[in-house]
Structures are given as structure tokens and as C-alpha cells.
Amino acid sequence: MDKLDVPQVLVVEDDPDICENLQQILELDGYSVDTAGSIAEARQNGSWARYFAVILDRQLPDGTSDELMREIRANNADTAIIVITGLADVDSTVNALRHRVGDFFLKPFNPDILRSSLAQLLRAKRAEKRASEAERLAIIGQMIAGIAHESRNAIQRIQSGIDLLKLDVHDQNLVSQIDKIEEANISLKSMLDEIRDYAAPINLEHREVDLSSVWRHAWANVNCNGNNGKAKLQESTNNCNLQCSVDDFRLEQVFRNIFENSLAACENAPVIQIECADSGQSCNGSSSEAVKIAIRDNGPGFAIDHRQKVFEPFFTTRQRGTGLGMSIVKRTIEAHGGSVAIGNGDSPGAEVIITMPRRASQVQ
Amino acid sequence: MAKSSILLVDDDRDMVDSFSRWFKRKGYRTTSTYHPMQCLIAAANQKFDVAVIDIGLPDMNGLELLGELIQLERFPVLVLSGISDPKIQSNAIELGADRFLVKPVSMELLERAIGDAISQSHFSSLPVGVGPRHSGSQHGGPTNGQT
């Protein structure tokens, strides 16, 4: 568990009443609180790193808290320090500044002010952590996108090598082995393409389009060969206004991914229905009116325990595929300020419901 | 009848070499280059029916090379690149690339694209250094000119 989930606080204070009071108050605020009455006792608590914050009384029976501040900073720069003191002289103030003390209180102090100071430090720590996590993910995303991109040259070399071999190899057994290598190469390419699409930052380019033209284009591009061309797309637009400002290139991929899933799930004569309705509800805080698009198929539908997982990266029930298709759907729709959900099982097959604001603004 | 001549450029030598071997086996004439300057020198001094270029090349932005080749007004230029960014693709097409193919492609597909580019090209069998692009061009029909 993250140390900021149930933040641990160490109170180092030789006055047992203050110590106990602080412990009770802070535990009510959700902190896990340890106490120590002296420098020696504080040291027995083990690693400083596990504490989100340490509250230090300046004057302790076996020395001043300056010693502990030095130790905390030497071992772990991350822990917040709050000093409470009966005497604020220049030396102690300067020393507190040097050790990047988060706050400084003169006794007697108002516990509410201490609480709000601690809460503020916690908010700042959490924000800092989110920012560094986002930065880390962005770097990983760029790295993965880079790897996926660079691998295209290698995959191209394999492909041209295969094509060269095919010119000379006529033994049927060898030909079928070469076909398998080619198949694996194509799978690798698709996987890397999907990973790149998932990892790369989404920069939407909005255009005013009719949504039906986007899904029709996607439908035309979806490979229907596996179903012997028997797959059908039925539309009920219900006179809904489908003019939306969207990134049609990205949205086409959304429809393509959903269609491909349906076609893979439906064994015979797949029928995919698209039904539209006006949706007054706001999407992700956007007040713009929205259009609701339900995409249903006549396949087996989603198992109840799979419904929550459908949008998780790498979740798949298919033998082939990366399990990133629906994650990309979610990410793209949310980047448009919309939302996507799995139907509650009212219809027999799978149902994916997209709510898309007509005037989307890019959500980072 | 001799098949078309192809100018290839990519900094991935193995790739260029296997392209070259494949096309030669199919009866094409190919010139392999691995650097934009090498490609430009070849383009200025020899006649080709088509060029297949990468745009992620060392020392020169691939789009610059594309621009230079288009300026020569001699033959259609196909881009074959690992870059799938639609913006760069449309930049390349606006600059005058005949087609933009994203790696990997099968050799058959590349051959078809090359055939289409040549047959739909308005460049005639102009002798070296003759232009400009829109005068005296002939539409349709593959160019089988001998270098």
C-alpha cells in the first residue's frame, strides 16, 4: 500500500498529554500515529521513510530536535517535518528553514491549525506524487511508442526476407513454415501498432462530421472475410442530430475496434445494430448536449464478471489480439469528453454504449 | 521488354539490399542508396522510373529529400516509412509524394504500388535534365526507358 493512502505520522513530544491529545486528534483525521517521548525513542521507530510527516517538539529530554531533522533529511528527503516549540529563537528558526520544515508552531498551539497544516502538506504530497506518476507514465508512453515505431524497420526486414525466401522455396512443407513465420510477423506488427496507439499521447484534431459517416467508413474497413461477408450493419438513427465536432480519424478506430470485437465473437451471420438517441446528460463535466450511441451485436455478449474488465488494458477473451482495443476505445472517447460503458445485459448480445458530446473539448 | 528502374533509399542497409534482390529477381533494375546525398546524386545523374524513399534518414530530414527529388521533376516518388503520423503523411503527399506506404509492406504490395505510380505518372521518358514537370508530359502507360 502507498504510504499516502493511510499516511503515517510520528509525534516526538516529551509532554505525554500533548502527545496523547495529538495522537487522538490525528487518528480521527485518518492518520496512523506513532509517538515517541525522546530522541532515543524516536530512533527506535525504524525507518523515517515510512512516515508521511514527523511532528517534532524542539526541546526533548535528550537534546534538541535539530539532530532528528538532520537525520530525517539525510535519510529521506520526502518526509514532511512540523516543529512545535515553546521558544522560537533565531537559531531554531534558521535551522528549521535549512531542513525544509513544512510548518512551525509556537506553544500553546491550536490543534485545528496543526490539522489543517498537515492536511495541506498531504494534499501537496499527493499532487506531487500524481504529477510524477503522470510524468513517468508519459515517459513510458513515449518510450513504448518509440519502440513500436522503430520495430517497423525490423518487421519490414523480416517481411522482405520472407518474400525473398518465397521466390526460391517451393517445398510445400517449407512453404507452410514460411507462412507461419509471416503470420507471426503480421501478429507482431498488429500488436505493436495497438500498443503504440494505446501508449502514444492523444492529440485530437476536431472536425465537424456526421457520426454515421465515421462508423460507415469504419465498417467498410473492417475485415468481414472471416464471416464470409454475411455480417450486417443495421442503423436506427431515430432522426438524431449526428453532427459532432470530433477527431474522425480517432473515432473511426473506436468503431473499428468495437466492430472487430463483435465480428470475432459472432460465429454465424453477425448482425450489428447501431441505435442513436439524444442525451441531455453531461459527459465528464461537460455541459454540452450529447448523443448516445448503443452498439449491439447478436453474439454471446459479455459475461457478467468480464463487464468490469472489458476496458482494462490487456484484457481479452480472444485467442488473438492484445486486449488493448477496448482500452483504446475508452481512452479515445474520454479524450473527447465522452464516456463509454457496457450495457447492463438487457439485450442478448454485447452492448457498448458511447455518450459523446456534440461539442467536445479535448480532455487531457 | 525491360522492367522499370527503381531508385531505393533507406539507411537500413539490410532492408534496401533485400528489396533490391527481390526486385532484381523480378526483372527490375535497382539502384540502392543508404544516404540522402547518395540518393540525390544518383537521381541527378541517372534516369529512373520511380524512387522509393524512407523519410527518417540521417543528416537530412526525409521530407527535405522528398522535396529535392520532387524538384528534379523526373519520376514519381513513393515514401515507405515507419512513420504513421497522419500529419507527416499528408505533408509528404502535399510536397508531391505519389504514395505514402507505412512499413511493413509485402513486396507484392510494394510492387503493385510502384506499378501504379509509374503507370499513373505524368512523367514521360524524359532524357536526363529535361523538364519542366507539366510540359510535354504523357499520361498513362509504364515507362520502360533504358538508362
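Report follows, based on the coordinates. (Residues numbered from 1 in each chain as written. Chains lettered and ligands numbered in written order. Predicted model: local features only at pLDDT ≥ 70, side-chain atom pairs only at ≥ 80, totals over all residues.)

1. What to know about the overall build of chain B
Threshold: Runs of E in the DSSP output that reach at least two residues are strands. Runs of H or I that reach at least four are helices, and both are numbered from the N terminus. Here a residue counts as buried when 20 or more other C-beta atoms sit within 10 Å of its C-beta, as exposed when there are 12 or fewer, and as partly exposed otherwise, the C-beta atoms being derived from the backbone.
Check the secondary structure of chain B and you find 5 helices and 5 strands. Listing the helices and strands of chain B from first to last along the sequence gives β-α-β-α-β-α-β-α-β-α. By the burial criterion, 39% of the 147 residues in chain B qualify as buried.

2. Concerning the sheet that holds strand S12 (residues 290–297) of chain A
Residues and elements named next belong to chain A. Test applied: For two strands to be treated as a pair, DSSP must find at least two bridges joining them. Each axis is a line fitted through C-alpha atoms, taken for helices only over the stretch in contact, and angles between the N-to-C directions span 0 to 180 degrees.
Spatially, S9-S11-S12-S14-S13 is the arrangement adopted by the 5 strands of the open sheet, whose pairing is mixed. Whereas interior strands pair on both sides, the edge strands pair on one side only; in this sheet they are strand S9 (232–236) and strand S13 (339–342). Within this sheet the neighbouring strands show an average axis-to-axis angle of 15°, counted without direction. Two strands pair when backbone bridges link them, and S12 and strand S14 (residues 351–357) are joined in this way by 7 bridges, in the antiparallel orientation. If you follow Arg296 over to S14, its bridge partner there is Glu351.

3. Focus: the interface of chain A and chain B
Rules: It is the C-beta atoms, placed from the backbone, that decide contacts: two residues are in contact if theirs lie within 7 Å. Each residue is assigned to one class: nonpolar for Ala, Val, Leu, Ile, Met, Phe, Trp, Tyr, Cys and Pro, charged for Asp, Glu, Lys and Arg, and polar for all the others, Gly among them.
Every contact between the two is made by 14 residues of chain A and, on the other side, 14 residues of chain B. For the side of chain A that touches chain B, the element with the most residues is helix H5 (residues 111–168) of chain A, which contributes 12 residues. Taken together, the residues of the side of chain A that touches chain B sort by class into 4 nonpolar, 6 polar and 4 charged.

4. With respect to the environment of A:Ala220
Secondary-structure assignment places A:Ala220 in helix H7 (residues 211–221). Taking C-alpha positions, A:Ala220 is 9.3 Å from A:Arg256, a pair spaced 36 residues apart along the chain.

5. A look at helix H5 (residues 107–119) of chain B
Threshold: An expected span of 1.5 Å times one less than the residue number is assigned to each helix. What the arc measures is the spread of directions leading from the helix axis to the C-beta atoms.
Taking 1.5 Å per residue, 13 residues should reach 18 Å; H5(B) reaches 18 Å between its end C-alpha atoms and fits that length. Inspection of H5(B) places B:Met107, B:Leu110, B:Ile114, B:Ala117 and B:Ile118 among the buried residues, and these make up the whole buried set. Seen from one end, H5(B) has its buried residues packed into an arc of 95°, which puts them on one side. Away from its buried face, by an angle of more than 90 degrees, H5(B) presents the exposed residues B:Glu108 and B:Arg112. Tucked inside the fold, the buried residues of H5(B) contact H5 of chain A together with strand S1 (5–9), helix H1 (13–25), strand S3 (50–53), strand S4 (77–81) and strand S5 (99–102) of chain B.

6. A closer look at the nonpolar core
All names here are of chain A. Operational definition: Joined through C-beta atoms within 7 Å, a set of buried Ala, Val, Leu, Ile, Met, Phe, Trp, Tyr and Cys residues constitutes a nonpolar core. An automatic or database domain assignment provides the domain bounds reported here.
Grouped together as the largest cluster of nonpolar side chains are 39 residues, with contacts concentrated most on Phe255, Ile258, Val291, Ile293, Val329 and Met356. Elements supplying a minimum of two residues to this core: helix H6 (172–199), H7, strand S10 (243–246), helix H8 (248–265), strand S11 (271–279), S12, helix H10 (325–335) and S14. With 6 residues, H8 is the largest single contributor of residues to this core. Inspection of this core shows a minimum of three residues originating in each of domain 2 (138–199) and domain 3 (207–357). Ignoring sequence-local partners within four residues, the contact set of Ile293 consists of Leu211, Ile274, Cys276, Ile354 and Met356.

7. Overview of helix H3 (residues 62–72) of chain B
Residues and elements named next belong to chain B. Taken together, the buried positions of H3 are Gly62, Leu65, Leu66 and Leu69. What you see down the axis of H3 is that its buried residues fit within an arc of 100°, all on one side. Packed against the buried residues of H3 are helix H2 (36–45), S3, S4 and helix H4 (86–95). Of the residues flanking the end of H3, it is Glu73, one or two places downstream, whose phi is positive at about 55°.

8. A word on unusual backbone geometry
Put simply, A:Lys107 and A:Pro108 share a cis peptide bond, and its omega is -10°. If you trace the backbone, A:Pro108 turns up in the loop between strand S7 (103–106) and H5. Here B:Lys103 and B:Pro104 are connected by a cis peptide whose omega angle stands at 0°. By secondary structure assignment, the location of B:Pro104 is in the loop between S5 and H5. Residues other than glycine seldom take positive phi values, yet A:Asn239 does so here, at roughly 55°. Positionally, A:Asn239 belongs in the loop between S9 and S10. Taking the C-beta count within 10 Å as the criterion, A:Asn239 has 8 such neighbours and is therefore assigned exposed.

9. With respect to the pairing of S4(B)
Residue and element names in this part refer to chain B. Of all 5 residues in S4, 5 are buried; the element is thus mostly enclosed. Across 3 bridges, S3 lies against S4 in parallel orientation. Paired with Val52 across the two strands is Leu78, which belongs to S4. Both S4 and S5 contribute to a ladder of 4 bridges, which runs parallel.

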